[in-house]
Amino acid sequence: MPQTLAILGGAKLRNRPFTSWPVFGKPEEQRLLGALRSGKWGKLNGPEVAEFEQRFATMHGAKHGIGVVNGTVSLRVALMAAGIKSEDEVIVPPYTFLSTASAVVEANAVPVFADVDLETFNLDPKAVEAAITPRTRVIMPVHMAGQPADMDAIMAIAGRHKLVVIEDAAHAHGALYRQCPAGSIGHLGSFSFQSSKNLTSGEGGIVVTSDDTLAAACRSIHDCGRVAGGLWYEHHVMSGNYRLGEFQGAILNAQLDRLEAQTQTRDRNGQYLAAKLSQLPGIYPQKRPADCTRHSYHLFLFRIDVAAFGAPRQAVLRALEAEGVPVCGGYALPLYRQPLFLNRAFGPYLPNASQTLDYSKVSCPNCEKICREQGAWFEQSLFLGPQTDMDDIANAFEKVYNQRHALARWAKEKSL
Ligand SMILES: Cc1ncc(COP(=O)(O)O)c(C=O)c1O
């Protein structure tokens, strides 16, 4: 007897919650109280951020780490350290969070969108090559969901055109590309520690690099333009106070102790679920090239082929939710379709380029298909539990697939 979908009044497949996030305990309490009681609450006089910067950089294959207030500022600091000039162009993917492109505008540079690969969701090197102009200065790949972008191809293009590569590794703590940590392959790497991220202090970010000159530039830009050996009130470059605080440093040091084991669990569960879901018609988990030797599964991305599945994406997602599996439809718009870009609402930035820029003419068909019709994801904390949690997700999918005709009728009634 087929099981009725929960959305149609049947029994829910799963009644227990998945692992909640963040995971914390005594070590976080001890570090945080230590920072509080020391009275050293700022990066300038406390030990926590300095310790974290060193540990995080080392763990991610880089010589230097510069802790900053968030993962948007870290991108902007990296761009400024790379010597971006007014109205230079930066190539970015359109399937990413706003910051990848808005940080470019905040550096007074022009985001140029290159399409992603439909199967990997990552920047397509061919599209990058096609987007290069004499004004291009930087390529900014995102390791989407925690799966490293095609860095060999991107570094080769950058080498040929003498471009800087800044990795937006906001999703990719602990991810490996041919055993090389994401964030350490380009000239600079940027991470976020915002609440949802695989390593979090509520808010926070870091720039990593192994280049001494770039590191010195980042340190100066994040600290009011100060330079090593300079006077306290001596300010050399346009900059700000973007320093990470000691309370966040304390939390991050404790969280970092957990990262390796959590990353292994997420990768194991993510691969297991991907293998199971691949057996269902119409479900395509993010394709994982052999170069990805570890996926951080900040998100578990997949596509629903509506024609093969027989019901629209929104109906499938609502049916999964009703079965007790939290799921998200992903970014709803390619970044270039955001009102910010369509209206060039750039405030004081890009006064000249804004006259001629027309983002309504940009077309990245793969990204559009993912946003409009196919894309969806599960969040990272679902992957911290036992393998039976993965079985529940796969079983919920299978149940929805088996009942797709009933679901399609329901969707039609609801005009989905
Ligand atoms: C790909 C990507 N880049 C940058 C950021 C910005 O990080 P933050 O929120 O710490 O500013 C995010 C945050 O969600 C992100 O997903």
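Look a little higher up for the structure.
Undergrad: Even after reading the chapter, I still don't get the overall build of the protein chain, so can you show me in this structure?
TA: Across its full length, the protein chain carries 15 helices and 13 strands. For 416 residues, the compact-globule estimate of 2.2 N^0.38 gives 22 Å, and the C-alpha radius of gyration of the protein chain, at 22 Å, lies within 12% of that figure. Summarising its shape, the C-alpha atoms of the protein chain cover approximately 80 × 55 × 35 Å along the three principal directions. A burial count over the protein chain gives 50% of its 416 residues as buried. A fraction of 72% describes how many contacts in the protein chain between residues 6 or more apart in sequence connect residues 24 or more apart.

Undergrad: Even after reading the chapter, I still don't get the site of the ligand, so can you show me in this structure?
TA: Near the ligand you find 14 residues, and of these Gly 71, Thr 72, Phe 97, Ala 170 and Ser 192 are the closest. Of the residues that constitute the shell around the ligand, the class distribution is three nonpolar, ten polar and one charged.

Undergrad: I would appreciate a short explanation of the sheet that holds strand β12 (residues 299-304) in the present structure.
TA: In sheet architecture, strand pairing relies on hydrogen bonds along the backbone and comes in two forms, parallel and antiparallel. One open sheet accounts for three strands, arranged β10-β12-β13; its pairing is antiparallel. Edge positions in the sheet fall to β10 (283-285) and β13 (375-379), since each of these pairs with one other strand and no more. When the angles between neighbouring strand axes are averaged without regard to direction, this sheet yields 30°. Summarising the sheet, β12 and β13 pair through five bridges and their orientation is antiparallel.

Undergrad: Could you clarify how one ought to interpret helix α6 (residues 151-161) in this entry?
TA: The periodicity of an α-helix, 3.6 residues per turn, causes residues three or four positions apart to be oriented the same way. For α6, the complete set of buried residues consists of Met 151, Ile 154, Ile 157 and Ala 158. What you see down the axis of α6 is that its buried residues fit within an arc of 130°, all on one side. Opposite its buried face, α6 presents the exposed residues Gly 159 and Arg 160, each directed more than 90 degrees away.

Undergrad: Looking at this model, I keep getting lost on the packing of helix α10 (residues 313-322) against helix α14 (residues 387-402). Mind explaining?
TA: For any two helices packed against each other, the geometry comes down to the angle between their axes and how far apart the axes lie. For the pair α10 and α14, the least separation of the axes is 10 Å and the interaxial angle reads 130°. Taken together, the axes of α10 and α14 are oblique relative to one another. In this structure, α10 crosses over α14, and the sense of that crossing is right-handed. Touching Val 316, Ala 319 and Leu 320 of α10 are Ala 396, Phe 397 and Val 400, all from α14. A breakdown of the residues in the contact of α10 with α14 according to their chemical character gives six nonpolar, no polar and no charged.

Undergrad: Please explain the pairing of strand β9 (residues 205-209) as it appears in this structure.
TA: On a regular strand, one side chain projects to one face of the sheet and the next to the other, so that they alternate. For β9, the tally of buried residues reaches five of five residues, placing the bulk of the element in the interior. Taking every second residue as pointing to the same face, both faces of β9 are buried, with Gly 205, Val 207 and Thr 209 on one and Ile 206 and Val 208 on the other. Strand direction decides the pairing type here: strand β1 (residues 64-68) and β9, joined by five bridges, are antiparallel. If you follow Val 68 over to β9, its bridge partner there is Gly 205. Two elements, strand β8 (residues 188-192) and β9, share four bridges in a ladder whose sense is antiparallel. By the bridge assignment for β9, Ser 190 is matched with Val 207.

Undergrad: I would appreciate a short explanation of the environment of Gly 324 in the present structure.
TA: With respect to the helices, strands and loops of the structure, Gly 324 is situated in the loop between α10 and α11 (339-342). In this structure the C-alpha to C-alpha distance between Gly 324 and Ser 190, which are 134 residues apart in sequence, comes to 34 Å. Filtering out sequence-adjacent residues up to four positions away, Gly 324 remains in contact with Lys 12, Leu 13, Arg 14 and Asn 15.

Undergrad: Whenever I open this one, the pairing of β1 confuses me. Can you help?
TA: In terms of burial, β1 is largely enclosed, as five of its five residues are buried. Where burial is concerned, the two faces of β1 agree: the one with His 64, Ile 66 and Val 68 and the one with Gly 65 and Gly 67 are both buried.

Rules used throughout
Residues numbered from 1 in each chain as written. Predicted model: local features only at pLDDT ≥ 70, side-chain atom pairs only at ≥ 80, totals over all residues. Helix = DSSP H or I, 4+ residues; strand = E, 2+ residues; numbered from the N terminus. Rg over C-alpha atoms; globule rule 2.2 N^0.38 Å. Buried ≥ 20, exposed ≤ 12 C-beta atoms within 10 Å, placed from the backbone. Contact = placed C-beta atoms within 7 Å. Near = placed C-beta within 6 Å. Nonpolar A, V, L, I, M, F, W, Y, C, P; charged D, E, K, R; others polar. Pairing = 2+ DSSP bridges. Axes fitted to C-alpha atoms, helices over the stretch in contact; angles between N-to-C directions. Arc of directions from axis to C-beta. Parallel < 35°, antiparallel > 145°, perpendicular 65-115°, else oblique. Left-handed = near helix turned anticlockwise from the far one by under 90°.

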